[in-house]
Number of protein chains: 4
Amino acid sequence: MHIGLIGLGKMGFNMRARLREAGIEVTGFDRNPEVTDVSSIDDLVAALPAPRIVWVMVPSGAITDSVVDELSAKLAAGDLLIDGGNSRFTEDQKHTAQLAEKSIKFLDCGVSGGVWGLQNGYGLMTGGSDEDIEAAMPIFDALRPEGDRADSFVHVGGVGAGHYAKMVHNGIEYGLMQSYAEGYELLAAKDIVKDLPGTFRAWQKGTVVRSWLLDLMVKALEEDPGLAAIDDYVEDSGEGRWTVEEAIASSVPVPAITAALYARFSSREDNSPAMRMVSALRNQFGGHATKPAK
Amino acid sequence: MHIGLIGLGKMGFNMRARLREAGIEVTGFDRNPEVTDVSSIDDLVAALPAPRIVWVMVPSGAITDSVVDELSAKLAAGDLLIDGGNSRFTEDQKHTAQLAEKSIKFLDCGVSGGVWGLQNGYGLMTGGSDEDIEAAMPIFDALRPEGDRADSFVHVGGVGAGHYAKMVHNGIEYGLMQSYAEGYELLAAKDIVKDLPGTFRAWQKGTVVRSWLLDLMVKALEEDPGLAAIDDYVEDSGEGRWTVEEAIASSVPVPAITAALYARFSSREDNSPAMRMVSALRNQFGGHATKPAK
Amino acid sequence: MHIGLIGLGKMGFNMRARLREAGIEVTGFDRNPEVTDVSSIDDLVAALPAPRIVWVMVPSGAITDSVVDELSAKLAAGDLLIDGGNSRFTEDQKHTAQLAEKSIKFLDCGVSGGVWGLQNGYGLMTGGSDEDIEAAMPIFDALRPEGDRADSFVHVGGVGAGHYAKMVHNGIEYGLMQSYAEGYELLAAKDIVKDLPGTFRAWQKGTVVRSWLLDLMVKALEEDPGLAAIDDYVEDSGEGRWTVEEAIASSVPVPAITAALYARFSSREDNSPAMRMVSALRNQFGGHATKPAK
Amino acid sequence: MHIGLIGLGKMGFNMRARLREAGIEVTGFDRNPEVTDVSSIDDLVAALPAPRIVWVMVPSGAITDSVVDELSAKLAAGDLLIDGGNSRFTEDQKHTAQLAEKSIKFLDCGVSGGVWGLQNGYGLMTGGSDEDIEAAMPIFDALRPEGDRADSFVHVGGVGAGHYAKMVHNGIEYGLMQSYAEGYELLAAKDIVKDLPGTFRAWQKGTVVRSWLLDLMVKALEEDPGLAAIDDYVEDSGEGRWTVEEAIASSVPVPAITAALYARFSSREDNSPAMRMVSALRNQFGGHATKPAK
């Protein structure tokens, strides 16, 4: 099998390597000349045998849109485009319709595993037709960990279902990370706790809270036991927001995931207008002193 | 009527003035020589006609305990001690039992109204026996606003019930302030909003959200339209914590009040350990850059 | 002044009455023949002097869209359409552009006050050009409570700003109601509280938490002291959802408002899938018994 | 080594088996005659070589107190009592002091692993003196999984530190379970998701959210794919409450863990007073219909 892979960043770069290790021929394209195999998408399309399979692994939104635009012009009827990036699932119907005008096929695949996927394999959640999923199965089998396929690969449903499942996966991830982090702070706040990194380490085997994220916390604490080098400013990449928006659309209460999202928002505020107002109000009714602005 | 009043801070000082305006004679004691009427609690006790009524208006916890200790030694059988401070309701049974050994009576009174109580009158929530409440009614009538007694005074139940109601009142207050403050930040974040102070001002009459706290927000925004002089650091005084603890004890979900409490905790953190851990984890699994510590 | 008013439901019906009391001539249209003044929008348009002012007070979304569609066909250049309903502010730009093609003017006005607006007057938040706002000022002055205009009317900003402010107002309203309701449940849960309705009643004057919503709680408790006739199922009408969605779009943490929204979602769930999963998990790891499905 | 083990319930029964498999002699006592080795604590004490080690594995609170009371009377100077149950860490100082009067030693050990600990081994968090921990190390080594001791055992700090760490562990567990459960409900709510159990199964290898709890969810969904046999009523056992109370005591915001606790409270409410009040209020101001009580 010989496929195209567009986008060779932190994820795509490793995926190319893993695919090649599994014997799949990959022609990769990236704007970064240091990592790309070909100098243009035209060259990538030209290099592939028909019917072509092109895996798109670029940032969601405008960049994915522009790559889909370009491929809808350059691929041929019967070719298959796989969006493996973190696109919002609502984008998938749009891309499917756009590509269907040229009889180009589409499937979406949520990919989890981060920078560790190269060695561990990736968890894969796919959406599309049975036929298209089947056609791409050698790719999925190469990317996922060894062992039972059902433990790391799922055909969730029609187009969009893969990205929907990935969005929920990432929403859960927000909640898990926040939960561990709250526990971390509770341990850090208590002077009777003399071995905080050791406590996390001891949770790795046997306990109910053992997980891969926990293993990574242990690793982070080994590298910097007090996390002293790190600021408490946390970005979010969109999937957490979409999860909350979908929860609202479905009338599903998701307080833990939302708490995790808001904690990130708060972490980025130097001078919260809301809390200045609370301080102002306490002063107004109770005469409580406000702290002067820095 | 002639009563004693111990504690002449922001609340007690104004209450003495309001009581005197209503024709009640007040002998006040405070450690601050500039405001006190007498130089000791002994003098205060000596000045009062028997059976004495002494209103205690000092910070809750150790200071209230020490005043109750002293009064339990110096008051006589049949005297009445009123705890008008923000004591946790669980303290009231303890004080009642302690005073009952000397046949001294006790009632608790939650007092709301802040620094505006002098002119507006105070809202009063009382706990104790019918007989003791009745004995103190002239005091309550002097402190509360004019008009129907039931609009500003309530005998909630037995000893402790007044402070319990005041605790819940303050818990609600946390939630109300947080809700308004969140709305304030949403308005402040939106560039199509050209008149933020005017928007709050226009909510004062006619809208569903009109309230006294809203009037105070308008006042705060008149004094400092961008709240530029105020830091976003917000203290809490204990009642919010107790409310959440009581909610837990009663298995009652109180997510809005708790959100308000946690927002204050967060406002006081310069460098949240929890959020540093989330940042560290994102780096571990996804290679996302952390922001270096300041 | 003579204006048209489309939509004579709970809000529009009362607004027509208040406008007429203030001496403004109103031709009202509603699909309900019992309340309408004219039998069609055509008749309404024909009845009005040019340049016409038509106030639209119908449910947001599809119905508002269809009324705007019809009016864009039937009004003339120079006429003014006012959307006084609870449209999402993002709709206003769309309607403005649509109407501008016919040189019809547009302004948005958030209206608060509920069924009490007839007697109390309404709080008004407007968005649009100075000129259009000025043209409609007699209407606003008739609708709002007497007294200083700035206490019940605001020109928030350009088109959409009025509805944005109304959305935030309603988001705050969610948080306020939830906060009071949590306090209500805390009082209801405590057996030392012997007079729950009386406690709310006594908060009306003097306390920090006094508000119009509190007055309405007192009224509700007078009518049904234990709220025994009411189920705990609470609808939401969209504004709370939009507030949270806007908060996410602006990266503003709004935990109290969101808690209020989620409490409503939960109130409508008979059999939460999430909590069944938590129960299943507790059984899996700890052997804790699950409760069998009803 | 020969130790006593008091409490042979879901945890203790399995622990006795695991200890014996590892070659440690165990005399177990339980009030249930079907599982006990001896008929009284007296017999248990008599059976052990001095200095005795007695592991207490009974429900926290009153029952643990009464066992400690009895052992303080029956053990001898130099004996060691290990509290392996889920006692609140604040109890440990009390028990230490009580036992110290008889020169009986004490250490606390939080034990995680649930019913799976028998086969997988238990994660252990201990508090006490180096000397006492060292004396009990063969027991810890028998109970924990094979492999590096530091991956499943930690000496957190002095007396109480083990239970504190276990409390935080369980608080985290609440947040993790809630996060997964919210994701489960989001998948269940979406009709494009055609294979919900398969999605969870596919998260087991490769994904960021993989964990032991996830494996248990997969198992639960295999046994009952729609969780149809389970009611959404979820108990809590105290550790989640204590975690939130400690967070308040330490001024640490823990919104995700608290959300998990409150979701359990809500799950047990048939007829929430708070939400009835919100419904009543909506009716009061907006004329919105309430749903009649069932």
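Residues numbered from 1 in each chain as written. Chains lettered and ligands numbered in written order. Predicted model: local features only at pLDDT ≥ 70, side-chain atom pairs only at ≥ 80, totals over all residues. Heavy atoms only, no water.

## So, the pairing of strand β5 (residues 105-112) of chain C
Residue and element names in this part refer to chain C. Heads up, the rule is: Burial classes follow relative accessibility: with a 1.4 Å probe on protein chains only, a residue under 20% of its type's maximum area counts as buried, one over 50% as exposed, and anything between as partly exposed. A run of DSSP states H or I qualifies as a helix once it reaches four residues; a run of E qualifies as a strand once it reaches two. Both are numbered from the N-terminal end. Think of it this way: DSSP has to see at least two bridges between two strands before they count as a pair. For a crossover, the right-handed case is the one in which the path from the first strand over the helix to the second runs clockwise, viewed with the strands pointing away from the viewer.
Of all eight residues making up β5, seven are buried, and the element is well covered by its neighbours. Of the strand pairs in this sheet, strand β4 (residues 80-83) and β5 are connected by four bridges, and their pairing is parallel. Within β5, the residue paired with I82 across the bridge is L107. Note on the crossover from β4 through helix α4 (residues 89-100) to β5: the handedness is right-handed. One ladder, built from five bridges, connects β5 with strand β6 (residues 123-127); its direction is antiparallel. Its bridge partner being in β6, C109 is matched across the sheet by T126.

## As for the relation of the copies chain D and chain C
Selection rule: Here the copies are matched by least squares. The fit uses the C-alpha atoms of residues with pLDDT of at least 70 in both. Every residue pair with non-hydrogen atoms within 4.5 Å of one another is taken to be in contact.
With an RMSD of 0.0 Å, the fit of chain D onto chain C corresponds to turning through 180 degrees and sliding 0.0 Å along the axis. Those values place the two copies in the arrangement expected of a two-fold rotation axis. Distance from the rotation axis, computed per C-alpha, reaches its smallest value in chain D at S266(D): 4.0 Å. A shared binding surface is used by both copies, with 100% of the interface residues of chain D retained as interface residues in chain C.

## Considering the interface of chain C and chain B
Inclusion rule: What gets called buried area is simply the loss in accessible area from a 1.4 Å probe that two parts show on being joined, summed for both. One speaks of a salt bridge when a side-chain nitrogen belonging to Lys or Arg is within 4 Å of a carboxyl oxygen belonging to Asp or Glu. Definition of a polar contact: a pair of N or O atoms within 3.5 Å, with one able to donate and the other able to accept a hydrogen when the atoms are protein atoms, and with sequence-neighbouring residues admitted only if both atoms are side-chain atoms. Each residue gets one label: Ala, Val, Leu, Ile, Met, Phe, Trp, Tyr, Cys and Pro are nonpolar, Asp, Glu, Lys and Arg are charged, and the others, such as Gly, are polar.
Contacts between chain C and chain B engage 70 residues on the former and 70 residues on the latter. Interface area for chain C against chain B, summed over the two sides, is near 5800 Å², with a carbon-plus-sulfur share of 68%. Inspection of the chain C/chain B interface yields six salt bridges. Counting every contact that joins chain C to chain B gives 28 residue pairs in polar contact (both at pLDDT 80 or more). Those elements that place two or more of their residues in the side of chain C that touches chain B are β6, β7 (153-157), α8 (161-188), α9 (196-202), α10 (212-223), α11 (239-249) and α12 (255-267) of chain C. Considering each element in turn, the side of chain C that touches chain B owes the most residues, 17 residues, to α8(C). A class-by-class count of the residues in the side of chain C that touches chain B yields 35 nonpolar, 23 polar and 12 charged.

## Remarks on the pattern of salt bridges
The final tally for this structure, using the stated rule, is 72 salt bridges over all chains. With a closest N to O distance of 3.3 Å, D42(A) and K74(A) form a salt bridge. You can see D42(A) sitting in helix α2 (residues 41-47) and its partner K74(A) sitting in helix α3 (residues 62-74), a full 32 residues away along the chain. Among the charged side chains, a salt-bridge network with shared partners connects R88(A), E245(A), E246(A) and K190(D).

## Comments concerning the interface of chain D and chain C
Contact with chain D, which involves 58 residues of that partner, is made by 58 residues of chain C. Counting the surface lost from both chain D and chain C, the interface buries some 5300 Å², and carbon and sulfur atoms represent 64% of this. Counting the surface chain D buries against chain C, the share from its top three residues, M277(D), Q284(D) and F285(D), is 15%. At the boundary of chain D with chain C, the tally comes to two salt bridges.

Keep in mind these values describe shape, not function.
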